[in-house]
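The lines below spell out each chain.
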Amino acid sequence: DVKVTQSSRYLVKRTGEKVFLECVQDMDHENMFWYRQDPGLGLRLIYFSYDVKMKEKGDIPEGYSVSREKKERFSLILESASTNQTSMYLCASSLRTGRYEQYFGPGTRLTVT
Amino acid sequence: SQQGEEDPQALSIQEGENATMNCSYKTSINNLQWYRQNSGRGLVHLILIRSNEREKHSGRLRVTLDTSKKSSSLLITASRAADTASYFCATAHRSGNTGKLIFGQGTTLQVKP
């Protein structure tokens, strides 16, 4: 059974802290994605990676960076967390060709105080 | 950037009734997908329709695609309380796509027992 896991379901951090969100997939997918989801705004793509060490900015990359050192793991980094980064963060993965069906993790609800 | 727009934003029906959600998009697509999200969880893929298909069925789900109008609809027949969730359409662009999807803002469906 396909699986995408995220390191935390709930996270509370203080303003200015460096925050790491981890995502791991076991499907040997080339593509991995980080989205944030806010009420009324749907899913917005933060960063996309199509291969190890490769990344592409999404629609809202400001304030975020990513790391993909291994195929199965994609990390989202908030260099200096701010209150406007309080949100639900969703990780997904997919094959690079074919149907582009995405498999999602359970999400991390991050609160920055 | 958000390509998909969904209509209605919210829908409330009684158990046993049918639920119809609509999605419009702006540019040529390779395929269109529908996802479901239970409250506070990740998205789950429901059904995919390719650009050369007009209708697709999966259990109680029926998806139609009208590429001339750049629109799709998802019909859930004989709804159940367990169908209560948010539903998102997502489009895969036709050209140069390496796997990114563009998600709509979603329709929140409430099915009352």
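See the structure above.
Go over the overall build of chain B with me, naming the residues and quoting the values.
Counting its regular elements, chain B contains zero helices and 11 strands. Its C-alpha atoms put chain B at 45 × 30 × 20 Å along the principal axes. Classification of the 113 residues of chain B by burial places 46% in the buried group. Carbon and sulfur atoms provide 45% of the accessible area of chain B, an area that totals close to 5200 Å². Side-chain charges in chain B split into 14 positive and 9 negative, and the spacing between the mean points of these groups amounts to 7 Å.

Which residues make up the sheet that holds strand S6 (residues 55-58) of chain B, and what values go with them?
All names here are of chain B. On the basis of which strands lie adjacent, the open sheet formed by five strands has the order S1-S3-S8-S7-S6 and antiparallel pairing. A single partner strand is all that each edge strand has here, and the edge strands are strand S1 (5-7) and S6. Recorded for the sheet is a direction-independent mean angle of 15° between the axes of neighbouring strands.

Can you tell me about the interface of chain B and chain A, naming the residues and giving the values?
Taken together, the 23 residues of chain B in the interface contact 25 residues of chain A. A combined buried area of about 2000 Å² lies between chain B and chain A, and 48% of that area is made up of carbon and sulfur atoms. Three residues stand out in chain B for area buried against chain A, namely Leu 43, Thr 98 and Lys 100 of chain B, and they jointly supply 25% of the buried area on that side. With its nearest N and O atoms 2.8 Å apart, the salt bridge here joins Lys 100 of chain B to Glu 56 of chain A.

I'd like a rundown of the packing of aromatic side chains, residues and numbers included.
Remark: the centre distance and the inter-plane angle together describe each pair of aromatic rings, the angle taken between the planes. All told, the structure shown has nine aromatic pairs over all chains when counted by the stated rule. Centre to centre, the rings of Tyr 35 of chain B and Phe 103 of chain B are 5.5 Å apart; their planes meet at 55°, and the pair counts as tilted. Of this pair, Tyr 35 of chain B sits in strand S4 (residues 29-37) while Phe 103 of chain B sits in strand S10 (residues 101-103), and the two are 68 residues apart along the sequence. Each member of the pair, Tyr 35 of chain B as well as Phe 103 of chain B, is classed as buried. By the ring-pair criterion, three or more aromatic residues cluster together here, those being Phe 33, Tyr 35, Phe 48, Tyr 50 and Phe 104 of chain A together with Tyr 35 and Phe 103 of chain B.

Explain the sheet that holds strand S7 (residues 64-70) of chain A to me, using residue names and the numbers behind them.
Residues and elements named next belong to chain A. Read from one edge of the open sheet, four strands run S1-S3-S8-S7, paired in antiparallel fashion. Because the sheet does not close on itself, it has two edges, and the strands there are strand S1 (4-6) and S7. Averaged over all pairs of adjacent strands, the angle between their axes in this sheet comes to 20°, without regard to strand direction. In this structure, strand S3 (residues 19-25) lies alongside strand S8 (residues 73-78), joined through six bridges in antiparallel fashion. Residue pairing in the sheet places Glu 22 in a bridge with Ser 75 of S8.

Give a detailed account of the nonpolar core, specifying residues and quantitative values.
Counting 21 residues, the largest nonpolar core has Trp 34, Ile 46, Leu 76 and Tyr 89 of chain A as its most contacted members. Secondary-structure elements contributing two or more residues to this core are S3, strand S4 (31-38), strand S5 (42-51), S7, S8, strand S9 (87-94) and strand S11 (108-112) of chain A. Apart from residues no more than four positions distant in its own chain, Leu 76 of chain A is found in contact with Val 19, Phe 20, Leu 21, Trp 34, Ile 46, Tyr 64, Ser 65, Val 66 and Tyr 89 of chain A. Of all hydrophobic cores here, the second largest spans 20 residues; its members include Met 21, Tyr 25, Leu 74 and Leu 109 of chain B.

About the criteria used
Residues numbered from 1 in each chain as written. Chains lettered and ligands numbered in written order. Predicted model: local features only at pLDDT ≥ 70, side-chain atom pairs only at ≥ 80, totals over all residues. Heavy atoms only, no water. Helix = DSSP H or I, 4+ residues; strand = E, 2+ residues; numbered from the N terminus. Buried < 20%, exposed > 50% of the residue type's maximum accessible area, 1.4 Å probe, protein only. Areas by Shrake-Rupley, 256 points an atom, 1.4 Å probe, with all protein chains shown as cover. Lys, Arg positive; Asp, Glu negative; His and termini not counted. Charge placed at Lys NZ, Arg CZ, Asp CG, Glu CD. Pairing = 2+ DSSP bridges. Axes fitted to C-alpha atoms, helices over the stretch in contact; angles between N-to-C directions. Contact = heavy atoms within 4.5 Å. Buried area = accessible area lost by both parts, 1.4 Å probe. Salt bridge = Lys/Arg side-chain N within 4 Å of Asp/Glu carboxyl O. Phe/Tyr/Trp six-rings, centres within 6.5 Å; stacked < 30°, edge-to-face > 60°. Core = buried A, V, L, I, M, F, W, Y, C linked by side-chain atoms within 4.5 Å.

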